[in-house]
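For reference, the chains in residue letters:
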Protein chains: 2
Amino acid sequence: MNEIKIFCPATIANLNCGFDVMGVCLEGIGDEMVFRKVPGKGVRITQITGADLPFETEKNVAGVAALALVNAANPDSGFEIEIHKKIKAGSGIGSSSASAAGAVFGINELMGRPFTKHQLVDFAMKGEALASGSEHADNVAPCILGGFTLVRGYNPLDVIKIESPSEIYAVVLHPHIEVKTSDSRAVLSPNVTLKAAITQWGNLGGLIAGLYTKDYELIGRSLQDVIIEPMRKKLIPGFENTKNSALDAGALGAGISGAGPSIFALCKGQTSAEKVAFAMSNAYLETGIPFDIHLSKVNDEGVKTI
Amino acid sequence: MNEIKIFCPATIANLNCGFDVMGVCLEGIGDEMVFRKVPGKGVRITQITGADLPFETEKNVAGVAALALVNAANPDSGFEIEIHKKIKAGSGIGSSSASAAGAVFGINELMGRPFTKHQLVDFAMKGEALASGSEHADNVAPCILGGFTLVRGYNPLDVIKIESPSEIYAVVLHPHIEVKTSDSRAVLSPNVTLKAAITQWGNLGGLIAGLYTKDYELIGRSLQDVIIEPMRKKLIPGFENTKNSALDAGALGAGISGAGPSIFALCKGQTSAEKVAFAMSNAYLETGIPFDIHLSKVNDEGVKTI
């Protein structure tokens, strides 16, 4: 195998109560990448479509992740990468993570899989660090492993994959505004009340329990965020109204996807998700801000060869 | 059925990362209570052994919990209660909770079970409130439901029972010192860093995942407390040394049981628990403070008729 084409899915991080630890992988939205084994050494980005990104390997998220992997494995060949972006940068559904995760997955496949998917998460974080300034796994983990993922901790990296209950669908509404990651970090207070933290970890526990027991009601009751959302929602015009419209239309829960500005909802079943998507669209139209909206089943496989 | 005798188990609350939300039920340590249906109305405490507790129903934890239940059910008879305490008050393994949980369980049995076990938790919290000043369920929930319990939230009360992996044993070392609940609350800072909170809820998620997947290693990695233990451990002489001796002897995790002063460890298998109990005893002997130590399998049934 000297050439493969892969699908690199979008992801929703945080999921209300799981700030910096939870994520989920989507099926209907993602980038494509092509990898070629070539003579020589190193990693070269040969084509980029759909986004204005640097071709220099060391300045490109996919390039940096790929180099981390290649430096560890020291293979007998070089690699060429084509990146075809479909996930918009800064949308809050893991655009840079998809590139980082795709890069390590694709090269690992061409090398004959010397690393497990769990190990790939570690390499992909190096690419993420270029985009966000710090190594975090809440998007790359679900992108690589599929389903829902929990990052228990980082020293060492400890990621748990949880299979999605079969009927979970996600709706993502992406307002065409820019929320800088630095801004969305800056509004966060470095301290929180112990009371709010207890509420948050009670809900995170409920979410994990609901996922394992496939208890949709419990998942819904647990999708609450008393810490981050109150601070960040002001950065997203129309957030509250759109979230409430999703809940009124029957969503299990709704909130800010990653650092925003995308607004997500989780639903039970496709029919419910369609109803929720319609309600969210209608609500967001009132802002006058352009947006696009996606509806997707949860992707239990993660990044894959197509 | 006009008379029953029940076993009211001890419980460990918090479990490191689950402050105010997690608890686990023990098998080998607990009170006994006797209930009698009698003509008339009301609840009367007729005998108390093993502790110096008030006989007035309204001033007794079991009495208050019983009254909450009886007022809701309005049965055609009265009830007499005997309380035989074996769990020492103030030990940090749910002494008052055992009385409150036992009271509502026993009377519910004599009434023909008008309430589910989950509903009983709500009534038992009223008794807990008399003992601790606030309604909380982290000990009464595991005492009534058995196994591990997660209190997701309180508005309304939402308790999830998680069956224990079959090989989990607990060791509890109870130093004979008094730590007032007011003191153990007073050392807690009302604010915590967001960073520590994230670490804590990552671990809580890992604990829940480990319990569902019966992954003892994951349970062990998750039994960490970066928030409460650092503040409270100074109230318990010999804590650090005893905890470390438990971990060195192979415990999955160890920490403060409830508000202390008891120190607990969770272990995989009875042999490991015996080794850990021995190590903890030896470590605690150095303090010169008298103590007792219990070894118990997790009790998956909870309070029960004997």
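Residues numbered from 1 in each chain as written. Chains lettered and ligands numbered in written order. Predicted model: local features only at pLDDT ≥ 70, side-chain atom pairs only at ≥ 80, totals over all residues.

### Re the overall build of chain A
Then, number 1: In terms of regular secondary structure, chain A is built from 10 helices and 12 strands.
Then, number 2: The C-alpha atoms of chain A give 19 Å as radius of gyration, which agrees with the globular expectation for 306 residues (19 Å, within 12%).
Then, number 3: With the C-alpha coordinates of chain A rotated into their principal frame, the extents come out at 55 × 40 × 40 Å.
Then, number 4: Each of the 306 residues in chain A was classed as buried or not, and the buried ones make up 56%.
Then, number 5: Counting contacts in chain A only where the partners sit at least 6 residues apart, residues at least 24 apart contribute 73% of the total. (Helix = DSSP H or I, 4+ residues; strand = E, 2+ residues; numbered from the N terminus. Rg over C-alpha atoms; globule rule 2.2 N^0.38 Å. Buried ≥ 20, exposed ≤ 12 C-beta atoms within 10 Å, placed from the backbone. Contact = placed C-beta atoms within 7 Å.)

### A word on the relation of the copies chain B and chain A
Then, number 1: With an RMSD of 0.0 Å, the operation that places chain B on chain A is a rotation of 180° combined with a shift of 0.0 Å along the axis. Those values place the two copies in the arrangement expected of a two-fold rotation axis. (Least-squares fit on C-alpha atoms with pLDDT ≥ 70 in both.)

### Points about the interface of chain B and chain A
Often the size quoted for an interface is simply the accessible area lost on bringing the parts together.
Then, number 1: On the side of chain A, 33 residues touch chain B, which itself brings 33 residues to the contact.
Then, number 2: Every element with two or more residues in the side of chain B that touches chain A is listed here: strand E5 (148–154), strand E6 (157–162), strand E8 (191–193), helix H6 (194–213) and helix H7 (216–222) of chain B.
Then, number 3: Ranked by residues supplied to the side of chain B that touches chain A, first place goes to H6 of chain B with 14 residues.
Then, number 4: Considering only residue class, the side of chain B that touches chain A consists of 18 nonpolar, 11 polar and 4 charged.
Then, number 5: Note that strand E8 (residues 191–193) of chain A and E8 of chain B share 3 bridges and pair antiparallel. Within E8 of chain B, the position partnered with Thr193 of chain A by the bridge is Asn191 of chain B. (Nonpolar A, V, L, I, M, F, W, Y, C, P; charged D, E, K, R; others polar. Pairing = 2+ DSSP bridges.)

### So, the domain arrangement of chain A
All names here are of chain A.
Then, number 1: Along its sequence, chain A is organised into domain 1 (3–162 + 301–305) and domain 2 (168–297).
Then, number 2: Listed per partner, the contact involves 24 residues of domain 1 and 31 residues of domain 2.
Then, number 3: For the side of domain 1 that touches domain 2, the elements supplying multiple residues, two or more each, are strand E1 (3–13), strand E2 (22–38) and strand E5 (148–154).
Then, number 4: Looking at the side of domain 1 that touches domain 2 element by element, the count peaks at 5 residues for E2.
Then, number 5: Across the side of domain 1 that touches domain 2, the residue classes break down as 12 nonpolar, 10 polar and 2 charged. (Domains from an automatic or database assignment.)

### Regarding the sheet that holds strand E9 (residues 253–256) of chain B
Strands in a sheet are paired, the pairing made by backbone hydrogen bonds, and the direction either parallel or antiparallel.
Residue and element names in this part refer to chain B.
Then, number 1: Ordered in space as E9-E10-E7-E11, the 4 strands form an open sheet in which the pairing is antiparallel. Where the open sheet ends on each side, the last strands, each with one partner, are E9 and strand E11 (291–297). Direction aside, neighbouring strands of the sheet carry axes that sit 15° apart on average.
Then, number 2: Two strands pair when backbone bridges link them, and E9 and strand E10 (residues 263–268) are joined in this way by 4 bridges, in the antiparallel orientation. (Axes fitted to C-alpha atoms, helices over the stretch in contact; angles between N-to-C directions.)

### Focus on helix H10 (residues 270–285) of chain B
Residues and elements named next belong to chain B.
Then, number 1: Taking 1.5 Å of rise per residue, the 16 residues of H10 would be expected to cover 22 Å, and the 22 Å separating its terminal C-alpha atoms lies within 8% of that figure.
Then, number 2: For H10, the set of buried residues is Ser272, Ala273, Val276, Ala277, Ala279, Met280, Ala283 and Tyr284.
Then, number 3: The elements touched by buried residues of H10 are strand E7 (168–175), helix H9 (239–248), E10 and E11. (Expected span 1.5 Å × (residues − 1).)

### A look at the pairing of strand E3 (residues 43–49) of chain A
Successive side chains on a regular strand alternate, one facing one side of the sheet and the next facing the other.
All names here are of chain A.
Then, number 1: Relative to strand E4 (residues 78–84), E3 runs parallel, the two being bridged by 6 bridges. Residue pairing in the sheet places Ile48 in a bridge with Ile83 of E4.
Then, number 2: Assessed by its sense of winding, the connection that carries the chain from E3 through helix H1 (residues 61–73) to E4 is left-handed. (Right-handed = clockwise from strand over helix to strand, strands pointing away.)

### Description of the sheet that holds strand E10 (residues 263–268) of chain A
All names here are of chain A.
Then, number 1: Overall, antiparallel pairing links the 4 strands, which are arranged E9-E10-E7-E11 in an open sheet. Where the open sheet ends on each side, the last strands, each with one partner, are strand E9 (253–256) and strand E11 (291–297). With direction set aside, neighbouring strand axes in the sheet form an average angle of 15°.
Then, number 2: Contacting strand E7 (168–175), E10 and E11, helix H10 (residues 270–285) runs over the sheet at an angle of about 15° to E7.

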